[in-house]
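Topology and contacts: notes
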Amino acid sequence: MKTILNVFKLRIGVVITWTALAAAAITPGTPLSGWKMVVLALSVMVSSASAGAFNQYVERDLDARMARTRGRPFVTGALKHGPFWLWLIGAMTAASVLAAALAANVPAALYVFLGAFTYGVVYTVWLKRRTWWNIVVGGLAGSFAVLAGAAAVSPVPGPEALALAVVLFLWTPPHFWSLAITCRADYAAAGVPMLPVVVGDARAARAIFASSALLVAASLVPAAFGLGWIYLASAAAGGAFFLFRCKALVQRPGRETARAAFLASLVQLGAVLTGAMLDAAIS
């Protein structure tokens, strides 16, 4: 089970699925029936899992040079690195897209595909080894999950869903750059140009604080499009906590403060998504 959780990055998949469900909850329109919502959730989860497995398949050489990842299944040999996995990943992606189309509609299916493609190909293959912009562009993967959930309810996502998609896009860089500071030596050894490797911890910390401030401001915008006080209070509280941790990171750049900022980013996103779903359920 641990091997499966690892290769498919199911923890990330749960978060991605949560974003899609939150978007579906806040989008005006006829709610999906129970079984359709379950199929949509599974579609997002499976597409995310396929992208995660493809990421590990492609990056076996990088993972072997990093202490954080050298225990992954394709590196250790727990899973055989071969064409079977490419066929399985392709089948999972196709099945998830088809299921989303049948349970919801074609726009939702397109966004499910784009989320997996962005993470698996755009981020992993095209950008990660070439530029520190990798994770900035890669943040679109989370945005597409939001749009998939919204499109399942309304084929043309409204302003509330678009605003939430922007939040997910802006969330990814400070979240991942915080992790990259804690693992900077690993990325440097592997030759991956993550921002802290390129500019150093101090400048990366300032970039994290600036991007987190932009994120927190953007996270309040959905309240202008119909989300109420529950969402606003939750987003503000989570955002304030994240900014506090990012400010500490600027003052004392290092592994300990970076890890605290990384964990705070998860709290911030959880507050935004939970607040959105509670607000939609109660209002």
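Keep in mind it's a predicted model, so treat the numbers as computed, not measured.

1. Some points on the pattern of salt bridges
One pass over the full model with this rule turns up four salt bridges. Across the salt bridge formed by K128 and E59, the nearest N and O atoms sit 3.0 Å from each other. In this pair, K128 is assigned in the loop between helix 7 (106-127) and helix 8 (134-138) and E59 in the loop between helix 3 (34-58) and helix 4 (60-63), connecting sequence segments 69 residues apart. Of the residues examined, K128 reaches a relative accessible area of 8% and is grouped as buried. As a salt-bridge pair, R72 and D63 come within 3.3 Å of each other at their nearest N and O atoms. Like D63, R72 is buried.

2. Digging into a nonpolar patch on the surface
A surface patch of nonpolar side chains, amounting to about 270 Å² of accessible area, comprises F241, F244 and V267. Within the fold, F244 resides in helix 14 (residues 229-251). With a relative accessible area of 54%, F244 lands in the exposed category.

3. Notes on the confidence of the model for the protein
Where the model shows low pLDDT, its predicted coordinates should not be examined in detail. Counting all residues, the mean pLDDT for the protein is 95, and 100% of those residues have values of 70 or more. Averaged pLDDT values over the elements of the protein bottom out at 79 in helix 1 (residues 2-7) and peak at 98 in helix 13 (residues 201-219).

4. Considerations on helix 13
Here helix 13 is 19 residues long and its end C-alpha atoms lie 26 Å apart, about the 27 Å a rise of 1.5 Å per residue gives. The complete set of buried residues in helix 13 reads D201, A204, A205, I208, S211, S212, L215, V216, A218 and S219. The buried residues of helix 13 all sit within an arc of 150° when viewed along its axis, so they share a single face. Exposed and facing more than 90 degrees away from the buried side of helix 13 are R203 and L214. The inward-facing, buried residues of helix 13 contact helix 10 (159-182), helix 11 (184-190), helix 12 (195-199), helix 14 and helix 15 (255-282).

What counts, and at which threshold
- Residues numbered from 1 in each chain as written.
- Predicted model: local features only at pLDDT ≥ 70, side-chain atom pairs only at ≥ 80, totals over all residues.
- Heavy atoms only, no water.
- Salt bridge = Lys/Arg side-chain N within 4 Å of Asp/Glu carboxyl O.
- Helix = DSSP H or I, 4+ residues; strand = E, 2+ residues; numbered from the N terminus.
- Buried < 20%, exposed > 50% of the residue type's maximum accessible area, 1.4 Å probe, protein only.
- Patch = residues over 30% accessible without salt bridge, like charges linked within 9 Å, V, L, I, M, F, W, Y side chains within 5 Å.
- Areas by Shrake-Rupley, 256 points an atom, 1.4 Å probe, with all protein chains shown as cover.
- pLDDT = per-residue confidence, 0-100.
- Expected span 1.5 Å × (residues − 1).
- Arc of directions from axis to C-beta.
- Contact = heavy atoms within 4.5 Å.

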